[in-house]
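Examination of the molecular architecture
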Amino acid sequence: MIDTDVLIVGLGPVGATLANLLGLQGFRVLAVERDTTVYPLPRAAHFDAEIMRVWQGLGILNEAMAVSRRAPAYEFRNAKGEVLLRYDLDEVIVASGFAPAWMFNQPDLERALRSKLVDYPSVETRIGVRFEGFEPTDGDAVLATITDATRKPEAVKARYVVGCDGASSAVRKALNIAHFDYDFDEPWLVIDAQVKRPEAVPTLNLQICDPKRPTTCVLMGPGRHRWEFMIRPGEDPQHFLEDRTIAELLTPWVREGDVVIDRKAVYRFHGLVAKEWRRGRVILAGDAAHQTPPFAGQGMCSGIRDAVNIAWKLGHVLRGEARDTLLDTYQSEREPHVRAVTETAIAMGRVVCTADPEAAAQRDAFMLAERAKGATPVPPAEPKPGPGVFMPTFPAAAIFPQGTVDEARLDDVLGRGAWLIARRATDIAGIKNRHIARIESLDSAALTPFAKKLDALLKNYDGDAVLVRPDRYVFGAGASHALSTAYSAAVQT
Ligand SMILES: Cc1cc2nc3c(=O)[nH]c(=O)nc-3n(C[C@H](O)[C@H](O)[C@H](O)COP(=O)(O)OP(=O)(O)OC[C@H]3O[C@@H](n4cnc5c(N)ncnc54)[C@H](O)[C@@H]3O)c2cc1C
């Protein structure tokens, strides 16, 4: 029998991120992946700044930057080509310390995440190995069965199991966990292409709100482009996978030879949220726990946030620094965020997918009138996590900004784990706390270059100190000693 701290089922982006985060903490991890190759069909093309900060924390920032590029703008246009809505993203840097929107090719990033796992001797990956089910246990561990290509069953004893096994999660099914369904169900054709003539393709992201054929056209990683076409009621999805149909759909966009299609798929976009994300020692993350239509480009991003949330909490529990009730805050924090993101994506989808010409005309008139008022539209506000390991008042649950000074980034300087940052050295004198990795004042050697920015931030927070969680959300601001005590109490719930 294999004995491990954590069994991760599925090595998609969420499982691979979690395996890295647990490997960084030195835990014994067995990660099993059913498929022998990284998922080949078109999926995520966008991730946000918070996710780039996660890649930075995993030590794959250069690799992530190499396979992605900034999205300069996002436009919604009507059938006549008039701009209904435009977000300018080019010069923007958001709290996480990066541009807000990055375009990429999911398999490239999955490969970077998997390659990094060789750095962690405590992490074992088994490719071509499938989770089959659970066996009864006494409660101190989970017993699971896995099989390889020979179908010979092998038992795994794990202190925790995390099902990162995607939309049709066998882990979720084994626990018989049902979904909440947002009742959104739209079939779309998705085409990924390699670009042979860069001048031929748009240089910004586009939603074409044409009721005859709603279309998405977005950048991907360097040298790649994506088109998505809505399949209207009554149309045959199979017909859309034929080369002739694809060529016709692309005629308004490119000429022969401009691009080479390398992947195509028909998907049904929907919104689903599992009713339970944790049962005892088994946790669900990523698509296994929730699925969103891709209009906000957030499905994978949500799953990566899940992995980050689980990793630091599981870390405390596995080290004996917290009871496992801490893990209850995983769903209470993450579900409201996921629901807000999913509801935004569905709202965007309903704007884009309008197929009734009259409704589309009304929508266009409204959006054109709003645009004529001249207000600069701002992307929907970042949703906040729900209740959990947070103080009850501002600035709790905000993303802690990552300052950059002379190319040095704050996260690289302070490293992993929670931080207590205080204005003066006297504020933190005598504080020792096993739940906090760094206790620093603005005059410390590490923070001096960032002192001016952090001092302004503390003024805004109206506190002498701030406590930042390992996932870089603010726990709270106030007086150092009180923060330290309150944080440990919250972690040890
Ligand atoms: C068209 C489209 C566009 C998208 N665009 C975006 C976007 O722009 N931005 C974004 O953030 N998200 C986007 N998404 C969503 C994103 O692709 C998914 O949310 C993401 O892949 C989910 O990652 P995951 O690791 O949870 O699951 P998956 O990527 O599905 O990985 C699950 C893994 O588990 C393995 N597995 C399954 N069962 C077993 C088993 N029994 N034993 C062992 N292994 C198993 C599978 O082989 C797979 O490798 C898009 C999705 C689609 C379809």
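The shown structure was predicted, so the numbers you read here are calculated from the model rather than taken from an experiment. For every chain, the first residue of the written sequence is number 1, and numbering continues from 1 along that sequence. Only residues with pLDDT of at least 70 are given local features in this predicted model, and only at 80 or more are side-chain atom pairs given and counted; all residues enter the totals for whole chains, interfaces and linings. The side-chain quantities take in all heavy atoms of the structure and omit both hydrogens and water.

Concerning the overall build of the protein
As a reminder, the rule being used: Counting from the N terminus, the helices are the DSSP runs of H or I reaching at least four residues and the strands are the DSSP runs of E reaching at least two. Two things to know: the radius of gyration comes from C-alpha atoms, and the globule rule equals 2.2 Å times the number of residues to the power 0.38. Burial status follows relative accessibility: with a 1.4 Å probe on protein chains alone, a residue under 20% of its type maximum counts as buried, one over 50% as exposed, and anything between as partly exposed. Should any heavy atoms of two residues lie within 4.5 Å, those residues are counted as being in contact. Asp and Glu are treated as the negative residues and Lys and Arg as the positive ones, with His and the ends of the chain left uncounted. Every charge is mapped to an atom, namely NZ of Lys, CZ of Arg, CG of Asp or CD of Glu.
Scanning the protein from N- to C-terminus turns up 13 helices and 25 strands. In terms of overall dimensions, the protein is globule-like: its C-alpha atoms have a radius of gyration of 24 Å, near the 23 Å expected for 493 residues. Along the first, second and third principal axes, the C-alpha atoms of the protein reach 70 × 60 × 40 Å. Residues classed as buried in the protein amount to 56% of the 493 residues present. Across the protein, contacts joining residues at least 24 apart in sequence account for 71% of those joining residues at least 6 apart. Distance between charge centroids for the protein: 2 Å, based on 59 positive and 64 negative side chains.

Quick word on helix H8 (residues 328-352)
Quick note on the threshold: One less than the number of residues in a helix, times 1.5 Å, gives the span that helix is expected to have. Two axes are fitted around each residue, one to the seven residues ending there and one to the seven starting there, and the angle between them is reported as the bend at that residue.
Given a rise of 1.5 Å per residue, 25 residues ought to cover 36 Å, and the 37 Å separating the end C-alpha atoms of H8 matches this to within 8%. Of all bends in H8, the biggest is about 25 degrees, found at Arg334, and the proline Pro336 comes one to four residues later.

What about the site of the ligand?
Our working rule: Distances are taken per atom, and a residue is near a molecule or strand as soon as one of its heavy atoms is within 4 Å of it. N or O atoms closer than or at 3.5 Å make up a polar contact, with two conditions inside protein: a donor-capable atom paired with an acceptor-capable one, and, for residues adjacent in sequence, both atoms drawn from side chains. Here the open area of atoms and residues is found with the Shrake-Rupley method and a 1.4 Å probe, where only the protein chains shown may cover a residue. Amino acid classes used here: Ala, Val, Leu, Ile, Met, Phe, Trp, Tyr, Cys and Pro are nonpolar; Asp, Glu, Lys and Arg are charged; the rest, including Gly, are polar.
The immediate surroundings of the ligand are formed by 33 residues, with Glu33, Arg43, His46, Asp287 and Met300 found nearest. In the environment of the ligand, a nitrogen atom lies 2.8 Å from a nitrogen or oxygen atom belonging to the backbone of His46. Surface burial for the ligand is 92%, taken as the share of its 1000 Å² of free accessible area covered by protein chains. Ranked by residue count, the leading element in the shell around the ligand is helix H7 (residues 299-318), at three residues. Classifying every residue of the shell around the ligand gives 16 nonpolar, nine polar and eight charged.

Quick look at the pattern of salt bridges
The condition that has to hold: In the sections that follow, a salt bridge refers to a side-chain nitrogen of Lys or Arg positioned within 4 Å of a carboxyl oxygen of Asp or Glu.
Taken as a whole and assessed by the stated rule, the structure comprises 41 salt bridges. With a shortest N-O distance of 2.7 Å, Arg53 and Asp411 are connected by a salt bridge. Within this pair, whereas Arg53 is found in helix H2 (residues 49-58), its partner Asp411 is found in helix H10 (residues 410-414), the two being separated by 358 residues in sequence. Its salt-bridge partner being Arg226, residue Asp192 comes within 2.7 Å of it at the nearest N-O pair. With Asp192 in strand S12 (residues 179-195) and Arg226 in strand S15 (residues 224-230), the pair connects residues that are 34 residues apart, well separated along the chain. Ionic contacts of the salt-bridge type, sharing partners, join the residues Arg423, Arg424, Asp427, Asp455, Lys459 and Asp464 into one network.

Quick word on the side chain of Asp192
We classify Asp192 as buried; its relative accessible area is 0%. Within the structure, Asp192 has its side chain in polar contact with the side chain of Arg226 (distance 2.7 Å). If near-sequence neighbours (up to four positions away) are discounted, Asp192 is found in contact with Pro42, Met220, His225, Arg226, Val260, Ile261, Asp262 and Arg263.

Regarding the layout of surface pockets
The condition is simple: The distinction between a cavity and a pocket rests on a 1 Å grid over the protein atoms alone: a 1.4 Å probe fits inside a cavity but cannot get out, while a pocket stays open yet meets protein on both sides within 12 Å along at least five of seven lines, and a residue with an atom within 4 Å of a point counts as lining. Grid points are joined across faces, edges and corners, and a volume is the space filled by probe spheres set on the points. Domain start and stop positions are those given by an automatic or database domain assignment.
Approximately 780 Å³ is the volume found for the second largest pocket. When contributions to the lining of the second largest pocket are tallied by element, the ones reaching two or more residues are helix H1 (13-24), H2, H7, H8 and H10. Looking at the lining of the second largest pocket, you find at least three residues from each of domain 1 (2-68 + 104-179 + 273-346) and domain 2 (404-491).

Regarding the packing of H1 against helix H4 (residues 106-116)
Short version of the rule: Angular values range over 0 to 180 degrees, each being the angle between N-to-C directions of two axes fitted as lines to C-alpha atoms, with helices fitted over their stretch in contact. Any angle from 65 to 115 degrees is called roughly perpendicular, while one under 35 is roughly parallel, one over 145 is roughly antiparallel, and all others are oblique. A clockwise turn of the near helix away from the far one marks a right-handed crossing, whereas an anticlockwise turn of less than a right angle marks a left-handed crossing.
Where H1 contacts H4, the two axes come as close as 9 Å, and the packing angle between them is 25 degrees. Between H1 and H4, the angle is such that the two are roughly parallel. Helix-helix and strand crossings are classified by hand; for H1 and H4 the assignment is left-handed. Each of Pro13, Ala16, Thr17 and Asn20 in H1 lies in contact with H4, whose residues at this interface are Gln106, Glu110, Leu113 and Lys116. Of the residues that constitute the contact of H1 with H4, the class distribution is three nonpolar, three polar and two charged.

Remarks on unusual backbone geometry
Here Phe394 and Pro395 are connected by a cis peptide whose omega angle stands at 0 degrees. Tracing the sequence through the fold places Pro395 in the loop between helix H9 (357-372) and strand S20 (404-405). The phi dihedral of Asn176 is positive, around 60 degrees, even though this residue is not glycine. Structurally, Asn176 is set in the loop between helix H5 (170-174) and S12. Its relative accessible area of 68% is what places Asn176 among the exposed residues. The backbone of Asp406 shows a phi angle near 45 degrees, a positive value even though the residue is not glycine. Structurally, Asp406 is set in the loop between S20 and strand S21 (408-409).

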